[in-house]
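So you can see what is in the structure, the chains are spelled out below.
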Amino acid sequence: MACEIDSGYILNLESINSNKKIYAGPGAGKTYFLINNIKNMFKKETKIYKSERKKILCITYTNSAVDEIKSRLEGYEDNIEICTIHSFIIKYIIQFYQNELKKIMKEDFDICIKGNKKISSQIEGIGILHRQDKQQIFSYINVNLGTNEDISYSKKIMGEVKVDIDKYINQGGKELICSSKINTSHKKIIKKYLWDVVRKLNHDEILYFGYRIIEKNPTVLYALRVQFPYIFVDEFQDTNPLQTKILSKICEKISKITVIGDVAQSIYSFQGAKPTQFENFSMPSMEEYAISGNRRSTNNIVHMCNYIRRNDSLEQNSIKEYKTQEEKKIAESKLVHFIINTSNKKVENIIREVLNNEGVIITRTWAYAFNYLIDIPNEQKEVLKKIYNSYYISPIDIRYEIAESSSVLWVKAFKFIILLSKTYQTRTMNNILNAARVYGNIDRNMLKDKLSMEIIIKLNKFLNDLFKDINSKAKVVEVIDTFNNRLDKMENLKIKDFFSEVTKIQNFKIELFSEEDNEKIKDLINELEWETAHALFNDVFSKNSKYMTVQQAKGLEWKKVFISINPTRGDSITFSTMFSESNILSENVSDEFTRMFYVACSRAIEELFICIEEKDKIIVEQQLDKYIKRKSIDKFYDFL
């Protein structure tokens, strides 16, 4: 039986030196608990603050979570390592023990790696063979096999040749797997190219080789134990079996581990994570605690979430704090709203209200999110869906490209022209810097030196002429063509020289397409209108997006949340069945959908809108009314 605590609980020295498991639902204050106990441990435990070498290791699931924890542990960085499990393995195992890595590649897969160039991880969001020449790979295969075959694999399926992690975990097998489209005799040569030429490991292989190195080399394992006597793992329900094996191995001796998680929020089965991973995780003399309070959401939202996880022993209660009684009265009066018809004007107004008042739209997929773009014609929404889906079989994550990377040529072009338009709108030069940075890392001081008064005046006139008459229906490629044509005019040569200097691109102009872009992509990009592109780059695929998939939304919160999540055929469940019969703790495919729905609902702070179909209304009403009667609580929902 887990000991009930709150998020402000500080572990005593005896508990610090034991293994711990913390059950904590959404809004429980997991990060607050984590931060305060890491700080407390640092202050109390002499083996940390008196050592220049020993550190507390804090592992969490996403880079955004890493950034948040780092910001809240500012000043403690020297003695605390905060990272994802993959970055931990790369930094402390793979990077340091390259010879061990190569030995295991030879021993396990008979692949000999030569040279001293380091093997590292693929870049997040970018296919492992991105920017690699296909013909060069085909030639490599033929040279190594002594053949002269006509090969025509896509870079995506070649990049997916990988270590069979599932077989290793379940049977101890050490094999490579690949698409059925790849000739089995090519499999090992392609993998050799990825490891020996590209020198990259995919995410699963980082885990595999990280584990194999500490398994085979006791010295590496001992060094990690000495350096990290205390390990905290947040969102433990998201770990897969191999991650768990790595952490268990390190903590067999010396190191003490604290894991924090919630089985009801396990939604990464496609990466091997299972609810039972957290439930069954055990270390010697492990203490168990539970935090049942919910500091995030109102009573009505918590009641809704409690209904979804009604088969679980962890029932939350709202302990949300308010500045005034009036604020509390207003917030707690808002019911959970079920929306039946999503095509009427009233729903459109709700979406506007959500987006304009610290809210978010959560959908099952990114392509489905385009349905909820405001003031964008349906034809343009279809174009966006086709663009997104056309990258599905490519090694490019187009969402990441637009939001983060910008290595795809048309993405660079669109981002550059949109940032220039912001300069025109705001009449500030900062966006000139941001636009130039799309094409490289531009030094701000150097740019200021180039921005003479003469150039600023010319730029203002140039941008004014370019953007003053633009309308929402203008094709973006046409705006880019106009930019290029005007840049070549005699009176604008100084502006062209300016962009050439700051971007270090000789004879600067905006290039739209590369050889990698097929005709289908080009035709779709040519159809994108100005307002549609703005919505795609600024509202959907942006760092502060108002549109989210469930996986993207996990760990975040918003004042208002609008949910449109329906089961697909692959979920093996209907919405009505999910609402009436599902078990949130089960490991069936159908029950993962229930956990996804739960995660989405639990992101809401004050107001929650849930889209359902007319046929599901009766079941929802019946089941919730039964629950309300059984729990003797006030009605917490309505239908719009």
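Rules of the game
Residues numbered from 1 in each chain as written. Predicted model: local features only at pLDDT ≥ 70, side-chain atom pairs only at ≥ 80, totals over all residues. Heavy atoms only, no water. Core = buried A, V, L, I, M, F, W, Y, C linked by side-chain atoms within 4.5 Å. Buried < 20%, exposed > 50% of the residue type's maximum accessible area, 1.4 Å probe, protein only. Helix = DSSP H or I, 4+ residues; strand = E, 2+ residues; numbered from the N terminus. Contact = heavy atoms within 4.5 Å. Expected span 1.5 Å × (residues − 1). Arc of directions from axis to C-beta. 1 Å grid on protein atoms, 1.4 Å probe; cavity = no way out; pocket = protein on both sides within 12 Å on 5 of 7 lines; lining within 4 Å. Points joined across faces, edges and corners; volume = space filled by probe spheres on them. Nonpolar A, V, L, I, M, F, W, Y, C, P; charged D, E, K, R; others polar. Pairing = 2+ DSSP bridges. Axes fitted to C-alpha atoms, helices over the stretch in contact; angles between N-to-C directions.

## Thoughts on the nonpolar core
Piece 1. Of all hydrophobic cores here, the largest spans 76 residues; its most connected members are Trp-410, Phe-414, Ile-417, Leu-420, Phe-483, Phe-499 and Phe-562.
Piece 2. In terms of residues, this core owes the most to one element, helix H21 (residues 409–426), which gives 10 residues.
Piece 3. Each residue touching Ile-417, except ones within four places of it in the same chain, is listed here: Leu-466, Phe-467, Val-476, Val-479, Ile-480, Phe-483, Ile-510 and Trp-530.
Piece 4. Listed in part, the 51 residues of the second largest apolar core include Ile-85, Ile-94, Leu-201 and Val-263.

## Quick notes on helix H32 (residues 617–631)
Piece 1. In this model, H32 (15 residues) spans 21 Å end to end at C-alpha, consistent with the 21 Å of a helix rising 1.5 Å per residue.
Piece 2. Those residues of H32 lying buried are Val-620, Gln-623, Leu-624, Tyr-627 and Ile-628. Looking straight down H32, one finds its buried side chains confined to an arc of 135°; they lie on one side. Facing away from the buried side of H32 by more than 90 degrees, the exposed set consists of Ile-618, Lys-626, Lys-629 and Arg-630.

## What about the layout of surface pockets?
Piece 1. Within this model, the second largest pocket holds a volume of roughly 860 Å³.
Piece 2. Forming the walls of the second largest pocket are 27 residues, and the residues nearest its centre are Lys-134, Lys-155, Pro-395, Glu-516 and Asp-517.
Piece 3. Breaking the lining of the second largest pocket down by element, the ones donating at least two residues are helix H7 (134–145), helix H8 (155–159) and helix H27 (519–527).
Piece 4. Looking at which element gives the most residues to the lining of the second largest pocket, the answer is H8, with 3 residues.
Piece 5. The residue makeup of the lining of the second largest pocket, split by class, is 8 nonpolar, 9 polar and 10 charged.

## Remarks on the pairing of strand E11 (residues 287–291)
Piece 1. The pairing of strand E1 (residues 3–5) with E11 spans 3 bridges and is classified as parallel. When the bridges of E11 are listed, Cys-3 appears paired with Tyr-289.
Piece 2. By the bridge criterion, 5 bridges tie strand E2 (residues 20–24) to E11 in an arrangement that is parallel. Among the inter-strand pairings, Lys-21 is bridged to a residue of E11, identified as Glu-288.

## Some details on the sheet that holds strand E16 (residues 547–549)
Piece 1. Ordered by their spatial adjacency, 6 strands build an open sheet running E16-E15-E17-E18-E14-E19, and the pairing between neighbours is parallel. With one partner strand each, in any of the chains shown, E16 and strand E19 (637–639) form the two edges of the open sheet. Each strand of the sheet is rotated relative to its neighbour by a mean of 25°, with strand direction disregarded.
Piece 2. Judged from the 3 bridges that link them, strand E15 (residues 359–363) and E16 form a sheet pairing that is parallel. Within the sheet, the bridge partner assigned to Ile-361 lies in E16 and is Tyr-547.

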